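Listed below, chain by chain, are the residues.
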Amino acid sequence: VNPVALAYRGYVQDRTGEDGLESLEQAAAMAPTDPLVQFLLGQHWRLHEDLNAALSAFTTAYWLDPENPALAAEIGSIQRELGDWPQSEEWLRVAVDQDPFDVRWSALLAAFYAETGYRLDDGGLVFIQGASETFSMDAGIFASLSWAYAQVGEETRAFEAINRALALNPSLPRARYYHGVLLERFGDPDGAADAYWFVVDALGQN
């Protein structure tokens, strides 16, 4: 009779090879205004690659709990997967503005700008630079900074940023991949291959 517990059961079922939708829908029927239940329902739809259903659930959860940056970040991430970059930027910005000292939201927005190239020359690169100063020990943000510099042709600064990322976390696949791309561009195919093989070994051959 506890809708949150029922929703968590559905969440666990999803991640152990079962289908948790029945439990999640029962929980949502019992507690339609519980943001956590809606959040877990969104996770189900994301896992099953129904991005529109996931977006609907996450949006419902956010408006039930509009001070929660994690929910804004989920909406921004889904919008990115759907290819709506203006909406993705807007929602990721909401998450950062709501909790500017949590590295997770800044790292998400930095990766969004770097990986999509969206508005890099109109505030995106400046944001990543600022995030790298605020969160100077986060390897992921420096990996994003490196890739952003590479896209705007500042390859010396790209190398400096990727070396910083690898010094902070030499096992980070994103950093290793970007390092490989830069090495390949600078005529070091053996070094690039080593970097790419690291990524394949870490993440599989997909």
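Our subject is the structure that appears above.
Cut-offs used in this document
- Residues numbered from 1 in each chain as written.
- Predicted model: local features only at pLDDT ≥ 70, side-chain atom pairs only at ≥ 80, totals over all residues.
- Heavy atoms only, no water.
- Helix = DSSP H or I, 4+ residues; strand = E, 2+ residues; numbered from the N terminus.
- Contact = heavy atoms within 4.5 Å.
- Buried < 20%, exposed > 50% of the residue type's maximum accessible area, 1.4 Å probe, protein only.
- Core = buried A, V, L, I, M, F, W, Y, C linked by side-chain atoms within 4.5 Å.
- Axes fitted to C-alpha atoms, helices over the stretch in contact; angles between N-to-C directions.
- Left-handed = near helix turned anticlockwise from the far one by under 90°.
- Patch = residues over 30% accessible without salt bridge, like charges linked within 9 Å, V, L, I, M, F, W, Y side chains within 5 Å.
- Areas by Shrake-Rupley, 256 points an atom, 1.4 Å probe, with all protein chains shown as cover.
- Salt bridge = Lys/Arg side-chain N within 4 Å of Asp/Glu carboxyl O.
- Lys, Arg positive; Asp, Glu negative; His and termini not counted.
- Charge placed at Lys NZ, Arg CZ, Asp CG, Glu CD.
- Phe/Tyr/Trp six-rings, centres within 6.5 Å; stacked < 30°, edge-to-face > 60°.
- Lys NZ or Arg CZ within 6 Å of the ring centre and 35° of its normal.

1. Some words on the environment of leucine 47
So, step 1. Its place among the elements puts leucine 47 in helix H3 (residues 35-47).
So, step 2. In this structure leucine 47 touches Asp14 and Arg15, once residues within four positions along its chain are discounted.

2. Describing unusual backbone geometry
So, step 1. Unusually for a residue other than glycine, glutamate 49 sits at a positive phi of about 60°.
So, step 2. Judged by its relative accessible area of 69%, glutamate 49 falls in the exposed class.
So, step 3. A positive phi angle is found at arginine 119, which is not glycine, with a value near 55°.
So, step 4. By secondary structure assignment, the location of arginine 119 is in the loop between helix H7 (103-116) and helix H8 (120-134).
So, step 5. In this structure arginine 119 comes out as partly exposed when scored by relative accessible area, which is 32%.

3. Some details on the side chain of glutamate 89
So, step 1. For glutamate 89, the position within the fold is in helix H6 (residues 85-98).
So, step 2. The class for glutamate 89 is buried, based on a relative accessible area of 8%.
So, step 3. Those residues within four positions of glutamate 89 in sequence are excluded, and the remaining contacts are Leu109, Phe112, Tyr113, Tyr118 and Arg119.

4. Notes on the nonpolar core
So, step 1. Counting residues in each nonpolar core, the largest one holds 48 residues, and the members touching the most others are Leu109, Tyr113, Phe127, Ile128, Leu145 and Ile162.
So, step 2. Contributing elements (two or more residues each) for this core: helix H4 (51-64), helix H5 (69-81), H6, H7, H8, helix H9 (139-151), helix H10 (155-168) and helix H11 (173-185).
So, step 3. Ranked by residue count, the leading element in this core is H9, at eight residues.
So, step 4. Setting aside residues up to four positions removed in sequence, isoleucine 162 forms contacts with Ala143, Ser146, Ala175, Tyr178, His179 and Leu182.
So, step 5. Among the nonpolar cores identified, the runner-up in size contains ten residues, and Leu6, Leu24, Ala28 and Val37 belong to it.

5. Topic: the packing of H10 against H11
So, step 1. In contact at an axis separation of 10 Å, H10 and H11 are set at 145° when each is read in the N-to-C sense. Crossing angle aside, the handedness with which H10 passes H11 is left-handed. Only Ala175, Arg176, Tyr178, His179, Leu182, Leu183 and Arg185 of H11 make contact with H10, whose side of the interface consists of Glu155, Ala158, Phe159, Ile162, Asn163, Ala165 and Leu166.

6. Details of a negative patch on the surface
So, step 1. Taken together, the side chains of Glu18, Asp19, Glu22 and Glu25 make up a negatively charged region of the molecular surface.
So, step 2. Mapped onto the elements, glutamate 18 comes out in the loop between helix H1 (3-14) and helix H2 (21-30).
So, step 3. Under the relative-accessibility criterion, glutamate 18 is labelled partly exposed at 47%.

7. Some thoughts on the packing of aromatic side chains
So, step 1. Applying the stated criterion across every chain, the model contains twelve aromatic pairs.
So, step 2. Residues phenylalanine 112 and tyrosine 113 carry aromatic rings whose centres are separated by 5.5 Å and whose planes lie at 55° to one another, so their mutual orientation is tilted. Both residues of the pair, phenylalanine 112 and tyrosine 113, count as buried.
So, step 3. Among the aromatic residues, those joined into a ring-pair cluster are Trp85, Phe112, Tyr113, Tyr118 and Phe127.
So, step 4. Arginine 164 extends its terminal NZ or CZ atom over the ring of phenylalanine 142, reaching a point 5.4 Å from the ring centre.
So, step 5. A cation over an aromatic ring shows up here: arginine 176 above the ring of phenylalanine 198, its NZ or CZ 4.1 Å from the ring centre.

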